[in-house]
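Architecture and fold: a report
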Amino acid sequence: MSRIGNSPVKLPPKVEVTLAAGEISVKGPLGTLSRKFGPDVTIEKNGEELKFNAANAEAGPLQGTLRALVANMVKGVTQGYEKRLTLVGVGYRAQAAGDKINLSLGFSHPVVHQMPKGVKVETPQQTEIIVKGIDKQQVAAEIRAYRPPEPYKGKGVRYVDERVIIKETKKK
């Protein structure tokens with residue numbers, strides 16, 4: 001049985017939660033997020049808390065997953081999320097242009113990544129990217145996947161707090 005799913009999600013004062021048939025909607029100062037869920041987990045609103053109950057023993061993992069997703073939604077509409085990336089390598093550049101980011105990552109062509117709705121991107125320097133949004137999406141992971149850091153020279157797109165272990169080259 002899930003232990004995370006048993007702990008309730010506390011709602012801040014400015015957050016409104018709407019429960020409909022199989023869908024939860026969370027509205028806060030930064031925006032609105034909604035998610036559908038199945039009949040295996042029920043959500044109860046008790047004052048300023050949300051409680052999650054599994055319908056049977058097999059739904060325990062779904063209970064914990066749904067609780068974590070709703071907690072991320074509540075955090076997103078109140079505080080928002082921010083992820084910082086850095087480009088390491090000669091000639092690696094990034095430039096934000098509206099809802100797109102243009103990346104020069106050593107390929108023969110520039111890479112243009114379209115941002116989803118509600119996600120903003122900034123480039124304070126040519127080698128630094130800041131991704132902001134209310135939904136905890138994998139936009140930063142998608143940008144990193146274009147050129148992940150390689151283990152011999154460490155070149156590539158990496159998170160600011162990421163440590164890359166450099167391998168030793170083969171000796172003759």
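Anything mentioned here points back to the structure above.
About the thresholds
Residues numbered from 1 in each chain as written. Predicted model: local features only at pLDDT ≥ 70, side-chain atom pairs only at ≥ 80, totals over all residues. Heavy atoms only, no water. Helix = DSSP H or I, 4+ residues; strand = E, 2+ residues; numbered from the N terminus. Rg over C-alpha atoms; globule rule 2.2 N^0.38 Å. Buried < 20%, exposed > 50% of the residue type's maximum accessible area, 1.4 Å probe, protein only. Contact = heavy atoms within 4.5 Å. Arc of directions from axis to C-beta. Expected span 1.5 Å × (residues − 1). Lys, Arg positive; Asp, Glu negative; His and termini not counted. Salt bridge = Lys/Arg side-chain N within 4 Å of Asp/Glu carboxyl O. Pairing = 2+ DSSP bridges. Axes fitted to C-alpha atoms, helices over the stretch in contact; angles between N-to-C directions.

1. Quick look at the overall build of the protein
Check the secondary structure of the protein and you find two helices and 13 strands. Taking 16 Å as the expected radius of gyration for a compact globule of 172 residues, we find that the protein reaches 20 Å, considerably beyond that expectation. Along the first, second and third principal axes, the C-alpha atoms of the protein reach 65 × 45 × 25 Å. In the protein, which comprises 172 residues, the proportion classed as buried is 33%. Summarising the internal contacts of the protein: among those between residues at least 6 apart in sequence, 50% fall at separations of at least 24.

2. Section: helix H2 (residues 139-146)
Within H2, burial applies to Val139, Ala140 and Ile143. Buried residues of H2 fall within an arc of 100° about the axis and therefore sit on the same side. Where H2 is buried, its residues contact strand E7 (81-88), strand E9 (100-104), strand E10 (111-114), strand E11 (119-122), strand E12 (128-133) and strand E13 (156-159).

3. As for helix H1 (residues 60-78)
Each turn of an α-helix holds 3.6 residues, which means side chains three or four residues apart point in the same direction. Its 19 residues give H1 an end-to-end C-alpha distance of 28 Å, which sits within 8% of 27 Å, the value for a rise of 1.5 Å per residue. Those residues of H1 that fall on the buried side of the exposure criterion are Gly60, Gln63, Gly64, Leu66, Arg67, Val70, Met73, Val74, Gly76 and Val77. Packing partners of the buried residues in H1 comprise strand E1 (9-10), strand E3 (23-28), strand E4 (31-36), strand E5 (41-46), strand E6 (49-54) and E7. After H1 finishes, the residue Gly80 shows a positive phi value of roughly 85°.

4. Structural notes on the side chain of Arg158
Relative to the elements of secondary structure, Arg158 occurs in strand E13. Put simply, Arg158 is tucked away with no salt bridge, and the nearest opposite charge, on Glu162, sits 5.6 Å away. What Arg158 contacts, discounting residues up to four positions off in sequence, is Leu85, Thr86, Val88, Pro149 and Val164.

5. Here we look at the sheet that holds E4
Sheet architecture is open: three strands sit in the order E2-E3-E4, paired in antiparallel fashion. Edge strands, defined here as strands with exactly one partner in the open sheet, are strand E2 (16-20) and E4. Pairwise comparison of adjacent strand axes, ignoring direction, gives a mean angle of 15° for this sheet. Examined bridge by bridge, E3 and E4 share six bridges and lie antiparallel to one another. Across the sheet, the residue bridging to Gly28 is Gly31, located in E4.

6. A word on the environment of Lys27
Mapped onto the elements, Lys27 comes out in strand E3. In this structure Lys27 comes out as partly exposed when scored by relative accessible area, which is 46%. C-alpha separation for the pair Lys27 and Val15, spaced twelve residues apart in sequence, amounts to 5.7 Å. The residues contacting Lys27, other than those within four sequence positions of it, are Lys14, Val15, Glu16, Thr32 and Val77.

7. Quick word on the environment of Val88
Its location among the elements puts Val88 in strand E7. When sequence neighbours within four positions are dropped, the list of residues in contact with Val88 reads Gly154, Lys155, Gly156 and Arg158.

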